[in-house]
Amino acid sequence: MVLLQFAITLLLFNQALSESSLSSGTIRSFSFNVKPTHVPLADLLPPHTIVNRLWPRDELRTEAPGVLPAVAIHRDGANVTSLMGPPIHVQSGDRIKLTLTNEVPFTGLSIHCHGFHLNGEFEYDGAVGIAQCPLSEGHSFTYDILAIETPGTYWYHTQSGHMGIDSYDSVRGPLIVHPNGTDFRLLVDKLNDVPKDLPDDSPVAYENERILFFQDVFSSSQQQRYAQHIGNLYGPATNNEDGFVAATAPWEFGTCNGKLREIITVLPNRKYKFRLINGGSHHALRISIDSFPMTVVAADSEPVEPYIVDEVVLHIGERFDVEINVYNDIAESERFWIRADTLESQSQGFQNGVRAILRVSSVPSALKDYDVLDPPNLSLYPKRTEDTGWKTLNCHSEDRLSGCVPITVLKHAGIDGEMPLQLESEIHTVATHFQPSPQYGHFLSVDQANFKQNEFPPVSMISHHFRTPENSLHPNSVAMGVSRASSVIIVWSTSLLMDHPIHLHGHKGEESYHTII
């Protein structure tokens, strides 16, 4: 059996918060009213674009519908026009008071701030069945979270498990933590206003920063797709160039900032920071911008020493901040493709993903997005040869032309060498196994115990039949016990030959190695 194995090191501290830190920030209030709706999708595309018409090719393309049934966030009585929830902007030290109101039939909801530590406030983590019960239809709940996070790129999403209706889950969006300071406070105040009051900036395009929130989109609900997996209704899994599994469910279509064709406008002779987020639910994406190398300056909200690449791979939940230089020699209104491709093998004819357009203009408001033409370069993907020196971050490959560079080349800014460990470390193991259809299931073993099937909706992982703390979990739950205020090394291995992200709520760690054995 081939195993993919790596280790991460965590420092678990019970961080006490001083009274000054609890009261130093601004209270930021948000109201999310979640209910079913129909979101315009292909109806927003102009007739002159190749997106969803000539690209992807006919044999690969699942044409996006004109409108898509979706569970979406409604704010301020405005119509929902994209599959991305409203961006949230705060400063480090601000208190977030987010009121969630559920109007979705037969569905429990929650909100999870992805990447937040939630020191002492784990009841607001949003993990259904672990941190809270799902919020039922007709009820409201206010999350009260202190944003004492490293300034950077985060995102939020629901963790309700499965929607009770057959609609796409679009309860997800960017969450940006800005540094302290008066200038940033004024910026955050402005970005959290209603978009119509922002003539020069928007919550996703402001000053020298742009947010690109990518997600895979499906025409059916997560519950329907889960049933299709169990019933073996999907075809064979697609592979990447090295024969590893790229995805266990077929690609349908995807969006950038909730749209099939997003326009990102920048001014010439400036440096920009692009906040890249994979807010999808299944597919990893490799992201590049034609003619623009990218300098990675942050990974999962943590600053790193600058590292220049041509392309980055973003797995589900991951974020990269990258900088690009827009030079003065670019013609007015010149356009470039922003490509977010799946990891499926292009040499075998696959070409799926998301397309957005980078537009360089000294008069950004001269054209509406609808009137912006596609880039003249009709090449669907950049050529990779041994001579180009193409470099792709966050992947591994035996193909010498791929230019794959592991994530471990990034060095935390301001830290020399590996993360120092001040405590003696506990060592734990986690092993996972995936069984494809028709005996579909995910299995998990902690600390070399027996494997248990762990493919239930989250709400069933805690049982009301067990009232004592020692017996509060469902029999098929798998728990790892660790000591408070300790250093923990987790050695993670899997028999699933697929790049698979791992996210530990409320903690950050350092990946100390990554090998194939």
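Refer to the preceding data block for the structure.
Residues numbered from 1 in each chain as written. Predicted model: local features only at pLDDT ≥ 70, side-chain atom pairs only at ≥ 80, totals over all residues. Heavy atoms only, no water.

1. As for the state of the cysteines
Next, step 1: Counting across every chain of the model gives 1 disulfide.
Next, step 2: Here cysteine 395 pairs with cysteine 404 through a disulfide, and the sulfurs are 2.2 Å apart. An S-S torsion of about -115 degrees defines the bridge between cysteine 395 and cysteine 404 as left-handed. (Disulfide = S-S within 2.5 Å.)

2. Thoughts on the sheet that holds strand β25 (residues 392-393)
Whether parallel or antiparallel, the strands of a sheet pair through hydrogen bonds between backbone atoms.
Next, step 1: Ordered in space as β16-β24-β23-β18-β21-β25-β26, the 7 strands form an open sheet in which the pairing is mixed. Of all strands in the sheet, those bounded by a partner on one side alone are β16 (263-266) and β26 (404-405).
Next, step 2: The pairing of β16 with strand β24 (residues 353-360) spans 4 bridges and is parallel. If you follow threonine 265 over to β24, its bridge partner there is arginine 359. (Pairing = 2+ DSSP bridges. Helix = DSSP H or I, 4+ residues; strand = E, 2+ residues; numbered from the N terminus.)

3. Some points on empty space enclosed by the protein
Next, step 1: Applying the stated criterion to the full structure yields 2 cavities of 30 Å³ or more.
Next, step 2: Estimated volume of the largest cavity: approximately 120 Å³.
Next, step 3: Taken together, 14 residues line the largest cavity, and the ones lying closest to its centre are Asn52, Trp55, Pro56, Phe253 and Gly353.
Next, step 4: Here the element with the most residues in the lining of the largest cavity is β24; it accounts for 3 residues.
Next, step 5: Split into classes, the residues belonging to the lining of the largest cavity amount to 7 nonpolar, 4 polar and 3 charged. (1 Å grid on protein atoms, 1.4 Å probe; cavity = no way out; pocket = protein on both sides within 12 Å on 5 of 7 lines; lining within 4 Å. Points joined across faces, edges and corners; volume = space filled by probe spheres on them. Nonpolar A, V, L, I, M, F, W, Y, C, P; charged D, E, K, R; others polar.)

4. A closer look at the side chain of aspartate 125
Next, step 1: Among the secondary structure elements, aspartate 125 is positioned in the loop between β6 (112-114) and β7 (140-146).
Next, step 2: We note that aspartate 125 is buried and unpaired, the nearest opposite charge coming from arginine 319 at a distance of 12 Å.
Next, step 3: Looking at aspartate 125, its side chain comes within polar contact range of the side chain of histidine 505, at 2.6 Å.
Next, step 4: Ignoring any residue separated from it by four or fewer positions in sequence, one finds aspartate 125 in contact with Ile111, His112, Cys113, Leu118, Ala131 and His505. (Buried < 20%, exposed > 50% of the residue type's maximum accessible area, 1.4 Å probe, protein only. Lys, Arg positive; Asp, Glu negative; His and termini not counted. Salt bridge = Lys/Arg side-chain N within 4 Å of Asp/Glu carboxyl O. Polar contact = N/O pair within 3.5 Å; in protein donor to acceptor, adjacent residues only side chain to side chain. Contact = heavy atoms within 4.5 Å.)

5. Remarks on the sheet that holds β7
Next, step 1: Sheet architecture is open: 5 strands sit in the order β7-β5-β2-β3-β9, paired in mixed fashion. Only two strands of the sheet have a single neighbouring strand rather than two, namely β7 and β9 (168-169).
Next, step 2: One ladder, built from 8 bridges, connects strand β2 (residues 27-40) with strand β5 (residues 95-102); its direction is parallel. The residue of β5 that forms the bridge with serine 31 is threonine 99.

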